[in-house]
Amino acid sequence: MQEQSKNNSELMGTSGSPEKINLKGLTLSELAGLVAEWDEPKYRAAQLASWIYGKRVSNFEHMSNLPKGFRAKLMKEASISEVRAVSCTVSDADVATKYLFELTSGDKVESVLMHDQERTTICISSQVGCAMACDFCATGKMGFFRNLSASEILDQFTAIERDLSEDKAVTNVVFMGMGEPLANYDQTLKSVRLLSDSDGYGMSEKRITISTVGLAPRMRQLAREGLKCNLALSLNAATDNVRTRLMPINEKYPIDEVLAAAKEWALATKRKATLEYVLIRDVNDADADAKRLRKLMSRLPCKLNLIPFNEIEDSEFRRPELNRIECFRQIVASGQHVAPIRFSKGHDIAAACGQLRTDFGKPGTMIRKAS
Ligand code: SF4
């Protein structure tokens, strides 16, 4: 199981110009280093950050407050990556859109846009495939290919944002797409910082959620980062036996350890951790499981999301009946815990939790091809 693997260099670029320096994904201080190398005044870094992240401009010619000579140099030596959507699939009632992106490496990743009355949320991928092999997850069945760079993570955000109608703005970003974000720690954190920095995309950290299977050392590291983003821990079972069956990572980081790490994170950030619990028929949905879960939750400041299993091909698992889901919820809620049931959006287009998989060529509900 691979938790951290080497990344393509940020500076290699992802816009089809490997010889050019990709400016997207560079922090203000990295941009400052670059403009110093180019013998440009320091304030050019802030100007570039404002164009790239603040104004989302990717054409150097449009950066009107930069001198002509500098723009010409940028056109020759730098690029600002963009990712190409190969297809977009829109769910019934338009509550979710699944994007299939092809990276310049040829790898493909999926991202999902979800709407409700209050939120417009982008669910982005942090890896191509995933090494965690959770048994209920389509991505886990693909295996792991590679980590995404911060720019490849941000490219998903900007491509979807650009596709929104003018009256909509992204309110939330969740790292719950393909991959385990904390296994790609540095690039995930870099993209979170660029999304939330005032010199970046300027989102509130509290609107960003990192999901994890429970890589305990990385959760503890995250607790010390001084970030106010949300942490969602995929718990999915109330005993180690069941959790190991569903999530092999539990052998390395069992329930006691991941809950202790989540508690450390919650105390350090003064925020409640979110526990995610995918309810699977006859696997983890018994009353006894609910009672154990209620007890586990009393160990730390947390809230719970109950997610009825989204059925996938090649899986023995099934979604519980509605009355079973409600019984389970009531038992957990009797411990004064908030336990909403979250039906994932986009089930009909295989865009819901645990359903992302780049199985190109399978017949689907393709509504429109991205231009
Ligand atoms: S649930 Fe998340 S961590 Fe587990 S296999 Fe799927 S993508 Fe990976």
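Per chain, the residues get numbers from 1 upward, laid out in the order the sequence is written. For a predicted model such as this one, the threshold for reporting local features is a pLDDT of at least 70, and the threshold for listing and counting side-chain atom pairs is 80 or more; totals across whole chains, interfaces and linings nevertheless cover every residue.

**Concerning the overall build of the chain**
Thinking step 1. Helix and strand definitions here come from DSSP, where helices need a minimum of 4 consecutive H or I residues and strands a minimum of 2 consecutive E residues; each element is numbered from the N-terminal end. Check the secondary structure of the chain and you find eleven helices and 13 strands.
Thinking step 2. Field definition: a residue is buried when 20 or more other C-beta atoms are found within 10 Å of its C-beta, exposed when 12 or fewer are, and partly exposed for counts in between, with C-beta atoms placed from the backbone. Residue burial in the chain is summarised as follows: out of 371 residues, 45% are buried.

**Let's talk about unusual backbone geometry**
Thinking step 1. Positive phi, close to 60°, is recorded for Arg56, a residue that is not glycine.
Thinking step 2. Classification of Arg56 as partly exposed rests on a count of 13 C-beta atoms within 10 Å.

**Details of the site of the ligand**
Thinking step 1. Each residue gets a C-beta atom placed from its backbone. If that atom is within 6 Å of a molecule or strand, the residue is near it. Around the ligand there are twelve residues in total, and Cys130, Met132, Cys134, Cys137 and Gly140 lie nearest to it.
Thinking step 2. In this count, Pro and Cys sit with the nonpolar residues alongside Ala, Val, Leu, Ile, Met, Phe, Trp and Tyr, while Asp, Glu, Lys and Arg are called charged and the others, Gly among them, polar. Along the lines of polarity and charge, the residues of the shell around the ligand split into seven nonpolar, four polar and one charged.

**Side note on the nonpolar core**
Thinking step 1. Joining buried Ala, Val, Leu, Ile, Met, Phe, Trp, Tyr and Cys residues through C-beta atoms within 7 Å gives a set, and that set is a nonpolar core. Core analysis: the largest hydrophobic core is formed by 97 residues, its most contacted members being Met219, Leu231, Ala262, Tyr277 and Leu279.
Thinking step 2. Domain ranges listed in this record stem from an automatic or a database domain assignment. When residues of this core are assigned to domains, at least three fall in each of domain 1 (17-79) and domain 2 (84-349).
Thinking step 3. Throughout, a residue-residue contact means that the two C-beta atoms, derived from backbone geometry, are no farther apart than 7 Å. Setting aside chain neighbours within four positions, we find Ala262 in contact with Met219, Leu231, Leu233, Ala273, Leu300 and Cys302.

**Section: the confidence of the model for the chain**
Thinking step 1. The predictor's confidence in any single residue is recorded as pLDDT, a number from 0 to 100. The predicted model of the chain has a mean per-residue pLDDT of 89, with 89% of residues at 70 or higher.
Thinking step 2. For the stretch residues 1-16, pLDDT sits under 50, and the model shows 45 contacts to residues farther than four places along the chain or on other chains.
Thinking step 3. Within the model, the stretch residues 360-371 combines pLDDT values under 50 with 14 contacts to residues more than four positions away or in other chains.

**Considering the sheet that holds strand β10 (residues 208-212)**
Thinking step 1. We treat two strands as partners when DSSP finds at least two bridges between them. With mixed pairing, nine strands are arranged side by side in an open sheet as β3-β4-β5-β6-β9-β10-β11-β12-β13. Taken across any chain shown, the strands that pair with only one partner, and hence form the sheet edges, are β3 (84-90) and β13 (302-308). Averaged over neighbouring strand pairs, the angle between their axes works out to 20° when direction is ignored.
Thinking step 2. Bridge count for strand β11 (residues 230-234) against strand β12 (residues 273-279) is three bridges, and the pairing is parallel. What sits directly across from Ala232, in β12, is Thr274.
Thinking step 3. Between the N-to-C directions of two axes lies an angle of 0 to 180 degrees, each axis being a line fitted to C-alpha atoms and, for a helix, fitted only over the stretch in contact. The sheet strands contacting helix α6 (residues 185-196) are β9 (172-175) and β10, and the helix crosses β10 at an angle near 165°.

**With respect to the pairing of β12**
Thinking step 1. Burial analysis of β12 places five of its seven residues in the buried class, the great majority of the element.
Thinking step 2. Where β12 meets β13, seven bridges bridge the pair, whose relative direction is parallel. The residue bridging Ala273 from the neighbouring strand is Cys302, located in β13.
Thinking step 3. If the strands point away from the viewer and the path from the first strand over the helix to the second runs clockwise, then the crossover is right-handed. Between the parallel elements β12 and β13, the chain passes through helix α10 (residues 287-297) in a crossover that is right-handed.

**Some thoughts on α6**
Since the α-helix turns once every 3.6 residues, residues separated by three or four places project in the same direction.
Thinking step 1. One less than the residue count of a helix, multiplied by 1.5 Å, gives the span that helix is expected to have. With twelve residues, α6 ought to run about 16 Å at 1.5 Å a step, and its terminal C-alpha atoms sit 16 Å apart, in line with that.
Thinking step 2. Counting buried residues in α6 gives ten out of twelve residues, a clear majority hidden from the surface.
Thinking step 3. The complete set of buried residues in α6 reads Tyr185, Gln187, Thr188, Leu189, Lys190, Ser191, Val192, Leu194, Leu195 and Ser196.
Thinking step 4. If you follow the buried residues of α6, they end up packed against α2 (43-54), β8 (144-147), α5 (150-163), β9, β10 and α7 (216-223).

**Here's the deal with the packing of helix α1 (residues 28-37) against α2**
Thinking step 1. For the pair α1 and α2, interaxial distance at closest approach is 8 Å and the crossing angle is 130°. Considering the angle they form, α1 stands oblique to α2. For the element pair α1 and α2, the recorded crossing hand is right-handed. When α1 is examined against α2, the residues Leu28, Leu31, Ala32 and Val35 are found in contact with a partner set consisting of Arg44, Ala45, Ala46, Leu48 and Ala49. Under this scheme an angle from 65 to 115 degrees is roughly perpendicular, one under 35 degrees roughly parallel, and one over 145 degrees roughly antiparallel; angles in between are oblique. For any pair of crossing helices, the crossing counts as left-handed if the nearer helix is rotated counterclockwise from the farther one by less than a right angle, and right-handed if it is rotated clockwise.

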